[in-house]
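# Breakdown of the fold
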Amino acid sequence: MITFENVTKSYGSLKAVDNLNLTIEDGQVFGFIGPNGAGKTTTIKLMTGILAPDSGTVKLDGVDIAKEPIEAKRRFGFVPDQFNMYERLTGREYLRFMADIYCVPLEKRNAHIEKYLQLFSLEQAYDQQIRGYSHGMKQKLAIIGALIHEPSIWILDEPMVGLDPQSAFLLKEEMRKHRDNGHTVFFSTHVLDVAERLCDQIGIIKQGQLIANGTLEELRGGQNDSTLEELFLELVQADDWNEEGE
């Protein structure tokens with residue numbers, strides 16, 4: 001479970017996240033969407049402890065990340081939209097490093113690594129330095145490393161970017177399996193048709209404010225033939241019109 005309670009984060013006079021209240025229950029794939037600069041990445045950085053809120057509380061499985069940061073960080077695996085890896089390490093060295101950080105037993109880490117190397121077709125690159133990897137290969141390696149301790153919460157920022165169609169399909173299947181095991185997946189995306197097909201709950205953020213949240217049916221509000229793209233554009237444009245009208 002992920003909870004935001006009255007969370008605000010400002011950069012000078014700009015409120016990047018404005019009094020966010022949001023609960024994502026276990027057993028959910030949650031899609032977080034919004035225009036560029038809406039506050040998606042700031043929200044994720046607050047959730048992962050990279051940034052501290054000006055006010056409010058973020059809890060992961062009931063653990064306050066500000067008060068118990070180490071315990072909270074054990075609860076999630078995070079795949080950022082940009083990678084700052086130790087590129088002179090090989091893939092093998094990087095995954096061993098990630099497993100050591102989370103104190104993953106040898107047998108468990110080996111089983112995880114073997115499964116995902118095969119799943120993402122990285123066996124041939126495993127002993128090559130990361131600096132020789134393509135963007136998509138780095139993305140796959142980051143996913144394997146983030147999930148190596150089998151966290152209850154997956155947090156992924158634009159996880160499909162750079163993945164080939166087969167790998168993107170396999171990742172979506174893994175996200176569904178994680179949900180079906182009673183866990184939580186939080187991911188941001190600009191690919192609205194993926195969010196429409198994959199998500200149990202969708203949140204739309206604009207200018208730091210959560211302007212809509214719910215299942216696709218709830219967002220439709222009786223307009224059963226509306227796509228998520230149509231709903232998104234309608235909500236964002238309506239919000240713009242309301243601001244101008246005021």
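Residues numbered from 1 in each chain as written. Predicted model: local features only at pLDDT ≥ 70, side-chain atom pairs only at ≥ 80, totals over all residues. Heavy atoms only, no water.

### Re the overall build of the protein chain
Test applied: Secondary structure elements are defined from DSSP: runs of H or I of at least 4 residues count as helices, runs of E of at least 2 residues count as strands, and each element is numbered from the N terminus. Atoms counted for the radius of gyration: C-alpha only. Globule rule: 2.2 Å times the number of residues to the power 0.38. The rule is simple: take the accessible area with a 1.4 Å probe, protein chains only, and divide by the maximum for that residue type; under 20% is buried, over 50% is exposed, in between is partly exposed.
For the protein chain, the count of helices and strands is nine helices and 10 strands. A compact globule built from 246 residues would reach a C-alpha radius of gyration of about 18 Å, and the protein chain, at 19 Å, matches this within 12%. Along the three orthogonal principal directions, the C-alpha set of the protein chain runs to about 60 × 40 × 35 Å. Burial status across the protein chain gives 48% buried among its 246 residues.

### Details of the pairing of strand E8 (residues 184–188)
Inclusion rule: Pairing between two strands requires that DSSP report at least two bridges joining them. Orient the strands so they point away from the viewer; a crossover is then right-handed if the path from the first strand over the helix to the second runs clockwise.
In terms of burial, E8 is largely enclosed, as five of its five residues are buried. Covered by surrounding structure in E8 are Thr184, Phe186 and Ser188 together with Val185 and Phe187, the residues of both alternating faces. Of the strand pairs in this sheet, strand E3 (residues 28–33) and E8 are connected by five bridges, and their pairing is parallel. In the sheet register, Phe30 faces E8, and the bridge partner there is Phe186. Where strand E7 (residues 153–157) lies against E8, five bridges are found, and the strand directions are parallel. Bridging from a neighbouring strand, Ile153 pairs with Thr184 of E8. Note on the crossover from E7 through helix H6 (residues 165–180) to E8: the handedness is right-handed.

### Observations regarding the pattern of salt bridges
Opposite charge on two side chains allows them to pair when their charged atoms are near. The test is simple: Any Lys or Arg side-chain nitrogen located within 4 Å of an Asp or Glu carboxyl oxygen qualifies as a salt bridge.
Within this structure, the stated rule accounts for 17 salt bridges. Here Arg75 makes a salt bridge to Asp61, at a shortest N to O gap of 3.9 Å. Note that Arg75 is positioned in the loop between helix H2 (69–74) and strand E6 (76–79) and Asp61 in the loop between strand E4 (55–60) and strand E5 (63–64), a separation of 14 residues in sequence. One continuous salt-bridge network, built from bridges that share partners, spans Asp61, Glu71, Arg74 and Arg75.

### What about the environment of Tyr94?
Which entries qualify depends on this criterion: Every residue pair with non-hydrogen atoms within 4.5 Å of one another is taken to be in contact.
Secondary-structure assignment places Tyr94 in helix H3 (residues 91–101). A sequence separation of 93 residues divides Tyr94 from Phe187, and the C-alpha atoms of the two residues are 23 Å apart. Not counting chain neighbours up to four residues away, the residues in contact with Tyr94 comprise Met85, Leu89, Ile130, Leu141, Ala142 and Gly145.

### Some points on the packing of aromatic side chains
Pairs of aromatic rings are described using the distance from one ring centre to the other and the angle between the two planes. For clarity, the cut-off: Side-chain rings of Phe, Tyr and Trp (the six-membered ring for Trp) are treated as a pair once their centres are within 6.5 Å; stacked means planes under 30 degrees apart, edge-to-face means over 60, and tilted covers the remaining angles.
Counted under the stated rule, the structure contains five aromatic pairs. Plain terms: the ring middles of Phe30 and Phe32 are 6.1 Å apart, the flat faces sit at 35 degrees to each other, and that makes the pair tilted. An identical accessibility class is assigned to Phe30 and Phe32; each is buried. On the numbers, 5.7 Å between centres and 90 degrees between planes, the contact of Tyr86 with Phe97 is edge-to-face.

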